[in-house]
Amino acid sequence: MVPDVQRIIESIVRGDQDTVQILLDGYNNQYADCFFFNTEVQERKKQQLEEFRKNKVRDYAPDSASETDSGDDEEPDLLLRQHLATALLSFISSQLQPAVLRVCLHTLRILSRDRRALGPMVTDSALLTLAHLGGISLQQACPQQDEDQAEDQSARACSQTGRGAACSFEEAEEDDAIPSSAEAASTNGSVHQCCPWRAEGPVMLPRGKKDSWEENSEEEEKEEDGEVCRKEAMKVLCNVVYNSPRAQERASALRLLQGLWQSVKQGVWSREVSSGQFYKLRLLFLLTALRPELRLQLQQDRGVSVLTTALEQCLGVRWGEGYEVLRESTALPISKETSQEVIEILKTLFNITHTFHRQEPDEEDAALYRHLAAVLRHCLLWSCDEDDTTEEVQGHTVNILSALPLTCLDVLISVHVDQASHRCGGVNMDCVHTLLLFMDRRLNRSQKLKEKLTPVLNLLTESSRVHRETRHYLRQKILPPLRDIAVRPEQDTTLRGQLVRLMTHVDTDLKDCAAELLFVLCKENVSRFIKYTGYGNAAGLLAARGLLNGRRNSGAGLYASQYSSDSDSDTEEYREAKGRINLVTGRVEAEQPDPMEGMTEEEKEEEACRLISMINRLSQDQIIRPMGVTAEGRLAPLWGQMRGSTLEEEEDEDEEVDLMPEWRKDKQME
């Protein structure tokens, strides 16, 4: 049975709380797991219509009302939802019974999923009301927008046609992407997303596996009504801020971050466990991800220090000497609820630290970043209840580590080696080994390789540059001494083969990151790099660095002191086959017959001239561009414009001399 929305609105206007509660319970049960629209279908229909119009010679005239007014069928429902949102926002501002307030906020949360129905919820009064109900104390910073203006905006949103709502949705669709600085940290966020809407009715939304904080009716009944209402209000705020650029702008102007940050700090300092803290952390992440000025503001308000403390509390950190966090072998995995809070903290930390690697920290900041890196090391080594959650936590941890100044990452290996499972040169390599396993798992993924791999590749590369033990350990695991010389490097199934395959990936950033890691593990030695990857795979990096001539460039001296002078150890198999290895492919090739076998010197000369003539013709037609290696080790055009022709066209003696080898020219001159 479809709920009667008009009747619900009339009951709200009358102030009949009991009836409102009953009707909204039915509405919430009906629409709890569904959304009202499908952006993909709308965009696909629009593209199909535009393509049809372009392909038609005559003017296009739609033959059905569905093609011109595809959204008309939903306009009445959309307007009713907007009216319902307006009525509810006014209703929750009054004194309500806790159970009634809870069900009203639940309905608003459902409505906040529809971006076209957000008009009444993005006013200052609505945002302030929701923030107050969510436990956020705010000083009204923008008194210029009075209640009359807010009511006028709400009424205008409710009276808009479907066309106006669609425009609002399209605008939100263009701007709601997370900024590039927060992309890596936000890929696993579980903010409500769109779910299909079909002609038969709303489609049920599968409950997300990541979001363990979705309400459980049996558990919530045991919680205090006030806490439940605060959680519901924060859920509505998260949806509204995520779905509406206008709400993001007004939240910044209303100084929502200040009140939210004070509430988060109180929760951290009080050390009280609160289920509502998760949604405050999520809103904090959204605000810092979507508004660049709020990132800077949180960074200046001791954001790194406070969030690091919050992370310590979630993980139950116990400190040893210096920057070492003590670990117990019998420690239980992190619970699902705690791990979700940890993820939100990590994502927010990345938002405010993603530019730190470009800075040279002073003594105080360096101590803070080392403290954070030590906590992140502990976070990296601890497991969660589920493997997917463990990898997600590790992914966000790697994002932050790759953003911190390189000089502050020494704490990852400067811990006691007594109980280390992996060590190298008397140094604890547990953290490096965990990063290596994490990279291996990400290498086996086929989707979003760039977002998933570049942070860990960069982190391992830079750590290997400055920490000799890290480089030595990674080289043992990734580039062990060569034994199977018959297999091309990119066809190998080991870590080396996977990274070599990335060196020819279509994505330039990913290709460069993989090549850089292998180059550093080879101590930036060109011949060793070619030995492990093959010249064909290595040519891209060598050309970019001016190393095609095999000489080390002048800029390589920056990290030269970090590389030991030990020689490369070759296996017996490699030494025996070394003379037969094709440097281009990096393997021993089967012997090929000599194509010039049985030819006389004159025939060889003829073939060479024909080859030069064909290359010249291809070059003149700009099909190929012959290149050569300069003294600086870079590629440059080999000929400006080659002169030549086919043998049948050669009638001039001078041209024949030009095409002859040098020894033939000298002989003819005599």
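In this text, all values refer to a predicted model and were calculated from it rather than measured experimentally.

Engineer: In this structure, what is going on with the overall build of the protein? I would like to understand it.
Structural biologist: What the protein contains, in helices and strands, is 31 helices and 8 strands. Residues classed as buried in the protein amount to 47% of the 670 residues present. At a minimum sequence separation of 6, the contacts of the protein that also span at least 24 residues come to 75%. Total accessible area on the protein stands at roughly 34,400 Å², and carbon and sulfur atoms take up 47% of it.

Engineer: I'm lost on the packing of helix α20 (residues 387–403) against helix α21 (residues 430–443) in this one. Help?
Structural biologist: When two helices pack together, their arrangement is given by the angle between the helix axes and by the axis-to-axis distance. Where α20 contacts α21, the two axes come as close as 11 Å, and the packing angle between them is 110 degrees. It follows that α20 is roughly perpendicular to α21 by the angle criterion. The two elements α20 and α21 meet at a crossing, and its hand is left-handed. Contacts between α20 and α21 involve Glu391, Gln394, Gly395 and Val398 from the former and Thr434, Leu435, Phe438, Arg441 and Arg442 from the latter. Residues of the contact of α20 with α21, tallied by class, amount to 3 nonpolar, 3 polar and 3 charged.

Engineer: Sorry if this is basic, but what is going on with the nonpolar core here?
Structural biologist: Here is a general trend for soluble globular proteins: nonpolar side chains tend to be buried in one another's company. Judged by nonpolar contacts, the single largest core of 153 residues is most densely connected at Ile92, Cys104, Leu283, Met439 and Ile478. No other element matches the 10 residues that helix α15 (residues 277–290) contributes to this core. Those residues in contact with Leu283 that lie beyond four places of it in its chain are Ile136, Met234, Leu237, Cys238, Val241, Leu256 and Leu260.

Engineer: So what exactly am I meant to see when it comes to the packing of aromatic side chains here?
Structural biologist: The description of an aromatic ring pair rests on the distance of the ring centres and on the angle between the ring planes. For the structure on display, the rule yields 4 aromatic pairs. Relative to Tyr31, the ring of Tyr27 lies with its centre 4.8 Å away and its plane at 55 degrees, an arrangement referred to as tilted. Of this pair, Tyr27 and Tyr31 both sit in helix α2 (residues 17–31), 4 residues apart, which is roughly one turn of the helix. Note on accessibility: Tyr27 and Tyr31 belong to one class, buried. Taking 5.1 Å as the distance between ring centres and 70 degrees as the angle between the ring planes, the aromatic pair formed by Phe519 and Phe529 counts as edge-to-face. One end of the pair, Phe519, is in helix α25 (residues 508–521); the other, Phe529, is in helix α26 (residues 526–533), and 10 residues separate them in sequence. The ring centre of Phe285 lies 4.4 Å from the NZ or CZ of Lys347, which sits over that ring.

Engineer: I would appreciate a short explanation of the pattern of salt bridges in the present structure.
Structural biologist: Close approach of charged atoms allows side chains with opposite charge to pair. Under the definition given, this model contains 24 salt bridges. Among the ionic pairs, Arg250 bridges to Asp124, the shortest N-O distance being 2.8 Å. Note that Arg250 is positioned in helix α13 (residues 245–253) and Asp124 in helix α7 (residues 124–133), a separation of 126 residues in sequence. Among the residues examined, Asp124 registers a relative accessible area of 2% and is labelled buried. A salt bridge links Arg496 to Asp492; the nearest nitrogen and oxygen atoms lie 3.3 Å apart. For Arg496, a relative accessible area of 7% puts it in the buried group. The exposure class assigned to Asp492 is buried, which follows from its relative accessible area of 17%. When salt bridges that share partners are traced, they join Glu462, Arg465, Glu516, Glu524 and Arg545 into one network.

Engineer: Any chance you could explain helix α24 (residues 495–502) here in plain terms?
Structural biologist: It helps to recall that an α-helix has 3.6 residues per turn; residues three or four apart then point in one direction. For α24, the tally of buried residues reaches 7 of 8 residues, placing the bulk of the element in the interior. Taken as a whole, α24 has its buried residues at Leu495, Arg496, Gly497, Gln498, Leu499, Val500 and Leu502. Structurally, α24 contributes buried residues whose contacts are with α21, α22 (449–466), α23 (468–478), α25, α26 and α27 (535–545).

Engineer: What should I look at first to understand the side chain of Thr107 in this one?
Structural biologist: Mapping Thr107 onto the fold places it in helix α6 (residues 98–111). Here Thr107 falls in the buried class, since its relative accessible area comes to 0%. Within the local environment of Thr107, its side chain forms a polar contact with the backbone oxygen of Val103, the two atoms lying 3.0 Å apart. In contact with Thr107, other than residues within four places in its own chain, are Leu24, Tyr27, Asn28, Leu84 and Leu88.

Engineer: Help me out: how do you make sense of the side chain of Thr461 in this one?
Structural biologist: With respect to the element layout, Thr461 can be found in helix α22. A polar side-chain atom of Thr461 sits 2.7 Å from the main-chain carbonyl oxygen of Leu457. If we skip the residues at most four places from it in the chain, Thr461 touches Cys513, Glu516, Leu517 and Val520.

Engineer: For this particular structure, what's the right way to read a negative patch on the surface?
Structural biologist: A grouping of Glu601, Glu602, Glu603 and Glu606 is seen on the molecular surface, where their side chains present a negatively charged patch. Considering the arrangement of structural elements, one finds Glu602 in helix α29 (residues 601–620).

Engineer: Help me understand a nonpolar patch on the surface, please; the structure alone is not making it clear to me.
Structural biologist: Together, Leu618, Ile623 and Ile624 make up a nonpolar patch on the protein surface, roughly 250 Å² of accessible area in all. In this structure, Leu618 sits in helix α29.

Engineer: Looking at this structure, how should I read the environment of Ile92?
Structural biologist: Tracing the sequence through the fold places Ile92 in the loop between α5 (75–91) and α6. Relative accessible area serves as the criterion here: at 4%, Ile92 is assigned to the buried category. Spatially, the C-alpha atoms of Ile92 and Leu105 are 8.0 Å apart, while their sequence positions differ by 13 residues.

Engineer: Looking at this model, I keep getting lost on unusual backbone geometry. Mind explaining?
Structural biologist: In terms of backbone geometry, most residues other than glycine have negative phi values and most peptide bonds are trans. Despite not being glycine, Arg255 has its phi angle at roughly 60 degrees, a positive value. Note on placement: Arg255 falls in the loop between α13 and α14 (256–270). In this model, Gln622 sits at a positive phi of 60 degrees, which is unusual for a non-glycine residue. One can find Gln622 in the loop between α29 and β7 (627–629). Of the residues examined, Gln622 reaches a relative accessible area of 71% and is grouped as exposed.

Here is what the cut-offs are and how they apply
- Residues numbered from 1 in each chain as written.
- Predicted model: local features only at pLDDT ≥ 70, side-chain atom pairs only at ≥ 80, totals over all residues.
- Heavy atoms only, no water.
- Helix = DSSP H or I, 4+ residues; strand = E, 2+ residues; numbered from the N terminus.
- Buried < 20%, exposed > 50% of the residue type's maximum accessible area, 1.4 Å probe, protein only.
- Contact = heavy atoms within 4.5 Å.
- Areas by Shrake-Rupley, 256 points an atom, 1.4 Å probe, with all protein chains shown as cover.
- Axes fitted to C-alpha atoms, helices over the stretch in contact; angles between N-to-C directions.
- Parallel < 35°, antiparallel > 145°, perpendicular 65-115°, else oblique.
- Left-handed = near helix turned anticlockwise from the far one by under 90°.
- Nonpolar A, V, L, I, M, F, W, Y, C, P; charged D, E, K, R; others polar.
- Core = buried A, V, L, I, M, F, W, Y, C linked by side-chain atoms within 4.5 Å.
- Phe/Tyr/Trp six-rings, centres within 6.5 Å; stacked < 30°, edge-to-face > 60°.
- Lys NZ or Arg CZ within 6 Å of the ring centre and 35° of its normal.
- Salt bridge = Lys/Arg side-chain N within 4 Å of Asp/Glu carboxyl O.
- Polar contact = N/O pair within 3.5 Å; in protein donor to acceptor, adjacent residues only side chain to side chain.
- Patch = residues over 30% accessible without salt bridge, like charges linked within 9 Å, V, L, I, M, F, W, Y side chains within 5 Å.
- Lys, Arg positive; Asp, Glu negative; His and termini not counted.
- Charge placed at Lys NZ, Arg CZ, Asp CG, Glu CD.

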